[in-house]
Amino acid sequence: MAKRNRNQRALPYFVLAIIFFIVVCALYVHEDNEDGKIIRSYTSYPRITTQEELIEAFNGPAANYAVEGLALSGTPVNDGLKILTDEYLILNYDCHLLTKSLVRGSDGYTILQGKWVITPAKCWTSVSDEILLAEGIGLDKNEVTFEYGGYGTMDETNCVETAWEQLENGFYYPDGMELNEGDRRYVMRGVKVGDKATFAATIGDGKLDVLPVADSDMVLINGTVEQLVGFVYNQNDAMTRLLIILVLSFDLVFWGMGIRCCIKKLKKGKKRSSDADE
């Protein structure tokens with residue numbers, strides 16, 4: 001009988017969890033459908049793959065297009081570390097500081113001591129004054145987000161010879177390779193002159209407005225339209241979200257049952273205290 005009573009008390013919380021799960025799933029199914037509409041629309045837009053096609057669309061009536069693989073040009077930025085041989089329109093410098101002197105194992109690779117910490121105050125970005133798709137047609141560098149595939153690698157192929165001894169695994173060590181506490185290392189990534197831009201945009205009437213993908217006006221570097229819209233699902237992975245919802249739903253059950261149990265114990269404690277006082 002006591003077990004049946006406990007089950008009856010828990011039933012409202014299970015019902016609440018199931019209702020919560022169904023409602024939130026319905027909302028996410030709706031969002032996934034919206035994501036699907038974005039993907040279907042972006043991949044169905046007329047594609048612009050040459051400067052001539054872009055200029056024609058730019059001077060014509062406004063319409064939505066998928067721009068794919070247009071080479072970028074503009075005035076190259078100065079390399080703040082003076083080590084790169086390529087020309088860049090955007091350069092990000094991420095700086096790490098060594099908090100303890102590095103100690104390696106006998107194999108020369110295993111790190112026994114030392115910790116690198118990214119230091120925002122010593123990171124910076126250089127951006128060209130203009131980033132062009134064709135003569136007179138550019139991207140608003142302050143409005144768009146460039147997605148260019150994470151960290152670049154620096155080695156003998158894109159760095160000056162005098163920097164080679166300070167390069168290791170894509171990092172540049174300006175303070176040398178002894179690696180003492182307080183030393184810096186940089187990883188640099190960016191958009192080169194000639195890199196290919198892919199994005200969706202409303203183009204026409206002398207304007208170009210990049211359309212949002214994954215909550216930002218995204219321009220993908222050296223990728224396809226299909227890879228661009230793939231960021232929608234990368235940002236909103238349906239299976240991961242459903243698992244989180246399921247966990248939260250049953251957390252709600254046990255949380256509610258726990259609160260009820262605590263209240264019941266408090267009431268019993270007060271009753272015992274009252275009986276003892278009498």
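Bear in mind that the values here come from a model prediction, so they are computed numbers and not experimental data. (Residues numbered from 1 in each chain as written. Predicted model: local features only at pLDDT ≥ 70, side-chain atom pairs only at ≥ 80, totals over all residues. Heavy atoms only, no water.)

**Q** Just give me the short version of the nonpolar core, but keep the residues and values in it.
**A** Counting residues in each nonpolar core, the largest one holds 27 residues, and the members touching the most others are F146, F199, I203 and L208. Those elements that place two or more of their residues in this core are helix 2 (51-59), strand 2 (63-71), strand 3 (88-98), strand 8 (131-134), strand 9 (137-139), strand 14 (196-204), strand 15 (207-210) and strand 16 (218-221). The dominant element in this core, judged by the number of residues it contributes, is strand 14, at four residues. If sequence neighbours within four positions are ignored, F199 has contacts with Y65, A66, V67, L133, L139, L208, V210, M218, V219 and L228. (Core = buried A, V, L, I, M, F, W, Y, C linked by side-chain atoms within 4.5 Å. Buried < 20%, exposed > 50% of the residue type's maximum accessible area, 1.4 Å probe, protein only. Helix = DSSP H or I, 4+ residues; strand = E, 2+ residues; numbered from the N terminus. Contact = heavy atoms within 4.5 Å.)

**Q** How would you summarise the packing of aromatic side chains if you had to cite specific residues and measurements?
**A** Throughout the structure, instances matching the rule amount to four aromatic pairs. Taking 6.5 Å as the distance between ring centres and 55° as the angle between the ring planes, the aromatic pair formed by F171 and Y173 counts as tilted. For F171, a relative accessible area of 19% corresponds to the buried category. Take Y173: its relative accessible area is 3%, and that puts it in the buried class. Seen from the ring of F171, R185 lies directly overhead, with NZ or CZ sitting 3.8 Å from the centre. (Phe/Tyr/Trp six-rings, centres within 6.5 Å; stacked < 30°, edge-to-face > 60°. Lys NZ or Arg CZ within 6 Å of the ring centre and 35° of its normal.)

**Q** Could you give an account of the side chain of T119, with specific residues and numbers?
**A** With respect to the element layout, T119 can be found in the loop between strand 6 (116-118) and strand 7 (124-127). A relative accessible area of 16% places T119 in the buried class.

**Q** Explain the state of the cysteines to me, using residue names and the numbers behind them.
**A** Within the structure shown, the criterion is met by zero disulfides. No disulfide involves C95; its nearest neighbouring cysteine sulfur is the one of C123, lying 5.7 Å away. (Disulfide = S-S within 2.5 Å.)

**Q** I'd love a proper account of the pairing of strand 3, names of residues and values included.
**A** Most of strand 3 is tucked away: 10 of the 11 residues are buried. The pairing of strand 3 with strand 13 (residues 184-192) spans nine bridges and is classified as antiparallel. Bridge pairing links N92 to R189 in strand 13. By the bridge criterion, four bridges tie strand 3 to strand 7 in an arrangement that is antiparallel. Looking at strand 7, one finds that L91 is bridged to S126. As paired elements, strand 3 and strand 6 share three bridges and run antiparallel to each other. Looking at strand 6, one finds that H96 is bridged to I118. (Pairing = 2+ DSSP bridges.)

**Q** An account of the pattern of salt bridges is needed here, citing residue identities and associated values.
**A** The tally for this structure, following the rule as stated, stands at five salt bridges. Here R184 makes a salt bridge to D175, at a shortest N to O gap of 2.9 Å. Each of R47, E68 and E226 takes part in a single network of salt bridges with overlapping partners. (Salt bridge = Lys/Arg side-chain N within 4 Å of Asp/Glu carboxyl O.)

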